[in-house]
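Each chain, letter by letter, is given below.
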Amino acid sequence: MVWHKTIGNGPTNVVVIHGWFWDHRVFTPIFDCLDATRYTYAFIDIRGYGNSSDVSGAYTIGEVAADAIGLADELGRRVFHVVGHSMGGKAAQKVAMDAPARVRSVVAVTPVPASALPFDDAVFGFFTAACEQDATAMALMGDSVGNRVSKAWLELMLRRARDTAKPEAFKSYMRSFIRDDFAADAHKVKAPMLVLYGEFDNGVSEALVRSVYPGLYPHAAIEKISNCGHYPMQETPIYFATRMEAFVAQSA
């Protein structure tokens, strides 16, 4: 079973899934501003990352979703909310498809959509190169935050990603979040959903979000986080935590 960090001891259970770069610690800036009396959070390290680096597997988005549901089972959480960032957002959507009677709400944070991404060979090659080439990875991350944050932060995020993820896991998840297509099951998601996109995110851009998500989930609320790119838990942590908890509270 995958490792998780618990924060809080409240009655409302929330499972949180990180993205491609770094592990559960990407959420560290929000830890101290969470309502620990109202919520119990489980921040997962997915297979091949961080404290789950020795947990082998296929390293796919479907597997991440199954592990999240399995963790909820292990913890005795009959119903729960799910939060996912980037490719973890795609996994969160899959959780809501696979356990629709149990998921009370979904917060999809700068999320890769459930559908396959419309990447041509050149773009797919760029992502593939980022798995091994630091300069390409830096360019990819820089673009995802609007090329407006410090090189020092980008270098830190890259170092953290390289240190935490097994190379084979990093590359396999990349293939999965780009190519796997779960759109046919989007109709199974009945839980309230909040889709958050960053004002300066050139990857999961406003145009992408607004062109895809209403077709997948007509009931989803779509909101912009201002002064932010792809990593609101790093760039605007207090506002992000506040908005996340306010949405979860509506469905608790």
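Quantities reported herein were computed from a predicted structural model and do not represent experimental measurements.

A. Looking closely at the overall build of the chain. For the chain, the helix and strand inventory stands at nine helices and seven strands. The C-alpha radius of gyration computed for the chain amounts to 16 Å, which stays within 12% of the reference 18 Å derived for 252 residues, consistent with globular compactness. For the chain, the spread of C-alpha atoms along the principal axes amounts to about 45 × 35 × 35 Å. Going through the 252 residues of the chain one by one, you find that 58% of them count as buried. Partitioning the intrachain contacts of the chain with sequence separation of at least 6 by distance along the chain shows that 81% fall at a separation of at least 24. For the chain, the computed accessible surface area is about 10000 Å², with 51% contributed by carbon and sulfur atoms.

B. Main features of the packing of helix 1 (residues 61–74) against helix 2 (residues 87–98). Packing of helix 1 against helix 2 brings their axes to within 8 Å, and their N-to-C directions diverge by 60°. On the basis of the axis angle, helix 1 is oblique to helix 2. In the crossing of helix 1 with helix 2, the sense of the turn from one axis to the other is right-handed. The residues of helix 2 that touch helix 1, namely those facing Ile 61, Gly 62, Val 64, Ala 65, Ala 68 and Ile 69, are Met 87, Lys 90, Ala 91, Lys 94, Val 95 and Asp 98.

C. Representation of the nonpolar core within the structure. Within the largest apolar cluster, 95 residues are counted, with the highest numbers of intra-cluster contacts made by Trp 20, Phe 21, Ile 30, Phe 177 and Tyr 217. The dominant element in this core, judged by the number of residues it contributes, is helix 1, at seven residues. For Phe 177, the contacting residues outside a window of four places in its chain are Trp 20, Ile 61, Met 87, Lys 90, Val 112, Leu 117 and Phe 127.

D. Spotlight on the pairing of strand 6 (residues 193–198). Counting buried positions over the six residues of strand 6 gives six, a clear majority of the element. Every second residue of strand 6 is oriented toward a common face, with Met 193, Val 195 and Tyr 197 on one face and Leu 194, Leu 196 and Gly 198 on the other, all of them buried. As paired strands, strand 5 (residues 103–109) and strand 6 are joined by four bridges and run parallel to one another. From the neighbouring strand, Val 107 faces strand 6, where its bridge partner is Leu 194. Two elements, strand 6 and strand 7 (residues 221–225), share five bridges in a ladder whose sense is parallel. Bridge assignment links Leu 196 to a residue of strand 7, and that residue is Glu 223. Each parallel crossover has a hand, and the one from strand 6 via helix 7 (residues 206–216) to strand 7 is right-handed.

E. Fine view of the pattern of salt bridges. Under the criterion given, the structure shown has twelve salt bridges. A salt bridge links Glu 63 to Arg 47; its shortest N-O distance comes to 3.9 Å. Of this pair, Glu 63 sits in helix 1 while Arg 47 sits in the loop between strand 3 (39–44) and helix 1, and the two are 16 residues apart along the sequence. A relative accessible area of 15% places Glu 63 in the buried class. Put simply, Asp 73 and Arg 102 hold a salt bridge, and the shortest N to O gap is 2.7 Å. One end of the pair, Asp 73, is in helix 1; the other, Arg 102, is in the loop between helix 2 and strand 5, with 29 residues separating them in the sequence. Through salt bridges that share partners, Arg 47, Glu 63 and Asp 67 make up one connected network.

F. Molecular detail of the side chain of Lys 90. With respect to the helices and strands, the residue Lys 90 is situated in helix 2. There is no salt bridge for the buried Lys 90, and the closest opposite charge comes from Asp 180, which lies 6.3 Å off by N-O distance.

G. Focus on helix 6 (residues 167–179). Taking 1.5 Å as the rise per residue, helix 6 with 13 residues should run 18 Å; its terminal C-alpha atoms sit 19 Å apart, in good agreement. Listed in full, the buried residues belonging to helix 6 are Ala 169, Phe 170, Ser 172, Tyr 173, Met 174, Ser 176, Phe 177 and Ile 178.

Reading the values: rules and limits
- Residues numbered from 1 in each chain as written.
- Predicted model: local features only at pLDDT ≥ 70, side-chain atom pairs only at ≥ 80, totals over all residues.
- Heavy atoms only, no water.
- Helix = DSSP H or I, 4+ residues; strand = E, 2+ residues; numbered from the N terminus.
- Rg over C-alpha atoms; globule rule 2.2 N^0.38 Å.
- Buried < 20%, exposed > 50% of the residue type's maximum accessible area, 1.4 Å probe, protein only.
- Contact = heavy atoms within 4.5 Å.
- Areas by Shrake-Rupley, 256 points an atom, 1.4 Å probe, with all protein chains shown as cover.
- Axes fitted to C-alpha atoms, helices over the stretch in contact; angles between N-to-C directions.
- Parallel < 35°, antiparallel > 145°, perpendicular 65-115°, else oblique.
- Left-handed = near helix turned anticlockwise from the far one by under 90°.
- Core = buried A, V, L, I, M, F, W, Y, C linked by side-chain atoms within 4.5 Å.
- Pairing = 2+ DSSP bridges.
- Right-handed = clockwise from strand over helix to strand, strands pointing away.
- Salt bridge = Lys/Arg side-chain N within 4 Å of Asp/Glu carboxyl O.
- Lys, Arg positive; Asp, Glu negative; His and termini not counted.
- Expected span 1.5 Å × (residues − 1).

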